[in-house]
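Examining the three-dimensional arrangement
One letter stands for each residue in the lines below.
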Amino acid sequence: MTTCITGTGLYIPPYSISNEELVESFNQYVDNYNTEHADEIAAETVTALQPSSAAFIEKVSGIKSRYVMEKEGILNPEIMAPVIAYRNLGEELSVMAEMGAAALKDALADAGLEANDLDGIILACSSFQRTYPAVAIEIQNEIGMVGGFAYDMNVACSAATFGLSQAHGSIVSGLAKRVAVVNVEITSAHLNWRNRDSHFIFGDAATASIVEDLDTPRGYEILNAKLFTEFSTNITNEYGFMDRSEYLAAQTEMYADINEPVTPKLFLQNGRKVFREVCPKVSEIITEHLHENELQASDVKMMWLHQANANMLDLILRTVVGKDADKSIAPSVIAEFANTSSASPMIVFHRYKDELASGDLGVICSFGAGYSIGSVLVRKV
């Protein structure tokens, strides 16, 4: 049995926001806030907000722009969130399913398959727009796939590699012969665009990968995977269905702004701690994974890494391969896409998968909240 990734697809949202556009909006919000609270700031009962700059964003992250599903609301200093209309469930395709179906159709075409060739769909993401019915089943219905199974799973930014591992396992166990792994991220909706430390990090996108059991291998053979989790609260997004009950039970400072009780629960991270703790562990997991397969870092021709931060990518590359490592081994799309959470390593794989020669080894690796880290070892057929 040979399990291969035979096709990939990418959906890019219709709008892009440059750092310059984002900073103009954010700084207008800062000016408005500081003017509104001028007396409290003077009395030192309120801390003045600090402006941002495009140069600062690029220096700390490597990001120059990001794609989003809605732009005007994000750039409106009075709103600073995507304004996306509700779609009637069962009557209209949800935004998340629309993005995922588009990426999956692209991947099916790349693999030369039809929807009914699939046995399963795994929608692996960091955020879902509803609890149930599973968005994966909605995607299954939208592409016209009859029979089989579809389910949602969440391992934050590591969902793509965990999803690939689940697809591989489903095939090895005999549950399926062909499984699609779909990663859809509307990160613009879970981001607090008023937080100077994180308002620039994320972008929206969707990817899809086709995993098949083949007698005649093609594409990229999945050799095996290594998964790791460890509990941490340094990256959180606590927004969920219990918010109403918690809000009613305790009117605390967390909910001081009654019009936006969810804001304190949106994406938060301790960036410095994440950098210090996650980077070494990612390097350790990749190195251990290679050693378990009796491979050296020099055997790896490409690492398709989660696009969290340009500095993190550089550190992981140098730690795994060596301080003089060729940066082309770990290609990056973060300048264009920003951090697209679970979709990010598959965007890089989609963009650069054709650059390796037959027999070349590569590692798809993602990492994020949890902490969670996934490493998938592949070989170009």
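Residues numbered from 1 in each chain as written. Predicted model: local features only at pLDDT ≥ 70, side-chain atom pairs only at ≥ 80, totals over all residues. Heavy atoms only, no water.

**Topic: the packing of helix H9 (residues 271-292) against helix H10 (residues 310-321)**
What counts here: Axis definition: a line fit to C-alpha positions, over the contact stretch in the case of helices; interaxial angles, taken between N-to-C directions, run 0 to 180 degrees. Strands are runs of DSSP state E lasting at least two residues, helices are runs of H or I lasting at least four, and both sets are numbered from the N terminus onward. Working definition: roughly parallel below 35 degrees, roughly antiparallel above 145 degrees, roughly perpendicular at 65 to 115 degrees, and oblique for all remaining angles. Two helices that cross are described as forming a left-handed crossing if the nearer one is turned anticlockwise from the farther one by less than a right angle, and a right-handed crossing if clockwise. When checking whether two residues touch, look at their non-hydrogen atoms; a contact exists if any pair is within 4.5 Å. Throughout this entry, Asp, Glu, Lys and Arg are counted as charged residues, while Ala, Val, Leu, Ile, Met, Phe, Trp, Tyr, Cys and Pro are counted as nonpolar. The remaining residues, Gly among them, count as polar.
In the contact formed by H9 and H10, the axes pass within 9 Å of each other and the chain directions differ by 40°. What the angle tells us is that H9 and H10 run oblique. Where H9 crosses over H10, the handedness of that crossing is right-handed. Residues Val274, Phe275, Val278, Cys279, Val282, Ser283, Ile286 and Thr287 of H9 pack against Asn311, Met312, Leu315, Ile316, Thr319 and Val320 of H10. Looking at side-chain class alone, the contact of H9 with H10 contains ten nonpolar, four polar and no charged residues.

**With respect to the nonpolar core**
Here is the rule we go by: The nonpolar core is taken to be a set of buried Ala, Val, Leu, Ile, Met, Phe, Trp, Tyr and Cys residues, with the residues joined through side-chain atoms within 4.5 Å. Residue exposure (1.4 Å probe, protein chains only): buried if accessible area is under 20% of the type maximum, exposed if over 50%, otherwise partly exposed.
Counting residues in each nonpolar core, the largest one holds 51 residues, and the members touching the most others are Ile286 and Phe367. In terms of residue count, H9 provides more of this core than any other element does, seven residues in total. Setting aside its immediate chain neighbours within four residues, phenylalanine 367 contacts Cys157, Ser158, Val278, Val282, His306, Ala308, Met312, Ile316, Ser372 and Ile373. Ile5, Met302, Ala343 and Phe349 belong to the second largest nonpolar core, which has 33 residues in total.

**Here we look at the UniProt feature "domain: Beta-ketoacyl-[acyl-carrier-protein] synthase III C-terminal" (unreviewed entry) in the protein**
Defined as follows: UniProt positions are given in the numbering used here, feature names are shortened, and annotations may be inferred rather than shown by experiment.
Residues annotated in UniProt with the feature "domain: Beta-ketoacyl-[acyl-carrier-protein] synthase III C-terminal" (unreviewed entry) correspond here to residues 290-379. Secondary structure across residues 290-379 divides into 31% helix and 24% strand, with the first and last C-alpha atoms of the span separated by 13 Å.

**What to know about the side chain of lysine 226**
The cut-off we apply is this: Each polar contact in these results corresponds to two N or O atoms within 3.5 Å; when the atoms are within protein, one needs to be able to donate a hydrogen and the other to accept it, and residues that are neighboring in sequence are counted only if both atoms are side-chain atoms.
Locating lysine 226 in the fold gives a position in strand S8 (residues 220-229). On the basis of relative accessible area, lysine 226 is assigned to the buried category, the value being 16%. At 2.8 Å, the side chain of lysine 226 and the side chain of glutamate 292 are in polar contact. When near neighbours in sequence (up to four residues on either side) are disregarded, lysine 226 contacts Ile285, Glu288, His289, Glu292, Ile373, Gly374 and Ser375.

**What about unusual backbone geometry?**
Look at the link from tyrosine 132 to proline 133: it is a cis peptide, with omega at 0°. In this fold, proline 133 is placed in the loop between strand S4 (120-125) and helix H6 (135-143). Glycine 370 connects to tyrosine 371 through a cis peptide bond whose omega is -5°. Note on placement: tyrosine 371 falls in the loop between strand S12 (361-368) and strand S13 (372-380). If you check the backbone angles, methionine 80 has positive phi at about 55° while not being a glycine. Residue placement: methionine 80 occurs in the loop between helix H4 (72-75) and helix H5 (95-111). For methionine 80, a relative accessible area of 5% corresponds to the buried category. One non-glycine residue with positive phi stands out, namely serine 341, at about 55°. Look at serine 341 and you get buried, because its relative accessible area is 1%.

**Digging into the pattern of salt bridges**
Working definition: two side chains of opposite charge can pair if their charged atoms are close together. Condition: Here, a salt bridge means any side-chain nitrogen of Lys or Arg that lies within 4 Å of a carboxyl oxygen of Asp or Glu.
If you walk through the whole model with that rule in mind, you get 16 salt bridges. Put simply, glutamate 21 and lysine 71 hold a salt bridge, and the shortest N to O gap is 3.0 Å. Remark: lysine 71 occurs in the loop between strand S3 (65-68) and H4 and glutamate 21 occurs in helix H1 (residues 19-36); sequence separation between them is 50 residues. We note a salt bridge from aspartate 314 to arginine 318, for which the minimum N-O separation is 3.0 Å. Of this pair, aspartate 314 and arginine 318 both sit in helix H10, separated by four residues, roughly a single helical turn. A relative accessible area of 34% places arginine 318 in the partly exposed class. One salt-bridge network, held together by shared partners, links Arg178, Glu212 and Arg218.

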